[in-house]
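Examining the three-dimensional arrangement
Listed here are the chains, written in short residue letters.
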Amino acid sequence: GRETFLMPVTWHDGRPRVTQPGETVPWVAPRPKLPRSSASVPTSGSFTVRDEFNRAALPPYWMMLRNPQGKWWRIAGGALQLQPRAVAFGDYGNPPLLVRRQQHQHAQATTKVSFSPASSAAEAGILALQSDDFYYFLAVGQDHGKRVVRLRRRAGRQDPAAGAVIASAPLNAAGPVELRISARGPHY
């Protein structure tokens with residue numbers, strides 16, 4: 001991840017200026033008087049965050065991979081809906097991906113997925129993403145016309161961009177599927 005540092009910026013001849021010429025960037029700067037936000041979530045300790053997707057906008061802790069190109073998501077009927085795109089996570093492109101940063105070494109993330117894949121290439125699920133080259137993707141997909149749940153792993157650039165399937169099981173029932181990823185230190 002990248003750390004964020006904030007400093008006031010002024011514009012001079014169409015260019016941003018953080019300090020005056022010859023002035024060094026201070027280690028500490030006064031905080032601006034900003035309004036308090038009630039949409040924050042804890043950042044330490046044991047906590048649970050649950051989204052019901054009952055607002056028109058996503059809370060600020062949801063992130064996208066790179067700069068989003070177009071609007072490929074919407075909130076409707078208490079659900080977050082993503083429009084499929086032909087971009088894999090390892091393609092270094094702009095996949096339809098909304099994520100939350102993992103804040104603890106011991107954590108659990110769960111989602112309910114309503115998805116009927118139209119082809120064997122279509123998948124929807126939950127992702128533990130370290131980078132484009134290293135991730136686990138637990139997803140609902142299709143194999144020979146039947147719905148399956150499968151786990152993909154990409155463990156370096158030598159693996160396919162879409163990740164290698166390391167486990168798969170048939171889904172016998174139609175309808176939503178609950179998927180969960182648990183992290184226990186370095187083990188997922």
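A few points about the packing of aromatic side chains
Here the structure, examined in full by the defined rule, presents 5 aromatic pairs. Between the aromatic rings of Tyr61 and Trp62, the centroid separation amounts to 6.4 Å while the plane-to-plane angle is 35 degrees, which identifies the pairing as tilted. Classification of Tyr61 by relative accessible area gives buried; the value is 16%. What links up through ring pairs into an aromatic cluster is the set Phe53, Tyr61 and Trp62. The ring of Trp73 has Lys71 sitting right over it, with the charged end atom 4.2 Å from the ring centre.

Considerations on unusual backbone geometry
In this structure, Asp13 is a non-glycine residue whose phi angle is positive, near 55 degrees. Of note, Arg66 is a non-glycine position whose phi angle comes to about 65 degrees, a positive value. The class for Arg66 is partly exposed, based on a relative accessible area of 34%.

Some remarks on the confidence of the model for the protein
Across the protein, the average pLDDT comes to 89, with 97% of residues at or above 70. Considering each helix and strand of the protein separately, the mean pLDDT is smallest for strand S3 (residues 63–64), with a value of 90, and largest for strand S12 (residues 177–184), with 96.

A closer look at the pattern of salt bridges
Taken as a whole and judged by the stated rule, the model has 7 salt bridges. Arg66 serves as the salt-bridge partner of Asp132, at 2.6 Å between the closest nitrogen and oxygen. Of this pair, Asp132 sits in the loop between strand S8 (124–131) and strand S9 (134–143) while Arg66 sits in the loop between S3 and strand S4 (73–76), placing them 66 residues apart in sequence. Between Arg152 and Glu123 there is a salt bridge whose closest N-O contact spans 2.9 Å. Of this pair, Arg152 sits in strand S10 (residues 146–155) while Glu123 is found in the loop between strand S7 (106–113) and S8, placing the two residues 29 residues apart along the sequence. A single network of salt bridges, built from pairs that share partners, joins Glu123, Arg150 and Arg152.

Notes on the nonpolar core
Val113, Phe115, Ala124, Ile126, Ala128, Leu138, Val140, Val149, Val177, Leu179 and Ile181 form the largest nonpolar core, which has 11 residues in total. Mapped onto this core, the elements with two or more residues apiece are S8, S9 and S12. Counting residues in each nonpolar core, the second largest holds 8 residues, with Phe89, Leu127, Tyr135 and Ala139 among its members.

A word on the sheet that holds S9
Spatially, 4 strands are ordered S8-S9-S10-S11 in an open sheet, and the strand pairing comes out antiparallel. Two strands close off the open sheet at either side, each with one partner strand: S8 and strand S11 (164–170). Shown here is a sheet whose adjacent strand axes are inclined to one another by a mean of 20 degrees, direction ignored. Bridge count between S10 and S11: 6 bridges; the pairing is antiparallel.

With respect to the side chain of Gln142
Looking at the element boundaries, Gln142 is found in strand S9. Its relative accessible area of 16% is what places Gln142 among the buried residues. Only 3.0 Å separates the side chain of Gln142 from the backbone oxygen of Pro117, close enough to count as a polar contact. Residue contacts for Gln142: discarding those within four places in its chain leaves Pro117, Ala118, Ser119, Ser120, Ala122, Val148 and Arg150.

Focus on the pairing of S10
Where S9 and S10 come together, 10 bridges link them in antiparallel fashion. In the strand pairing of S10, Gly141 is matched with Val148. With antiparallel pairing between neighbouring strands as the criterion, S9 and S10 make up a hairpin whose turn holds 2 residues, including His144 at a positive phi of roughly 55 degrees.

Conventions adopted
Residues numbered from 1 in each chain as written. Predicted model: local features only at pLDDT ≥ 70, side-chain atom pairs only at ≥ 80, totals over all residues. Heavy atoms only, no water. Phe/Tyr/Trp six-rings, centres within 6.5 Å; stacked < 30°, edge-to-face > 60°. Buried < 20%, exposed > 50% of the residue type's maximum accessible area, 1.4 Å probe, protein only. Lys NZ or Arg CZ within 6 Å of the ring centre and 35° of its normal. pLDDT = per-residue confidence, 0-100. Helix = DSSP H or I, 4+ residues; strand = E, 2+ residues; numbered from the N terminus. Salt bridge = Lys/Arg side-chain N within 4 Å of Asp/Glu carboxyl O. Core = buried A, V, L, I, M, F, W, Y, C linked by side-chain atoms within 4.5 Å. Pairing = 2+ DSSP bridges. Axes fitted to C-alpha atoms, helices over the stretch in contact; angles between N-to-C directions. Polar contact = N/O pair within 3.5 Å; in protein donor to acceptor, adjacent residues only side chain to side chain. Contact = heavy atoms within 4.5 Å.

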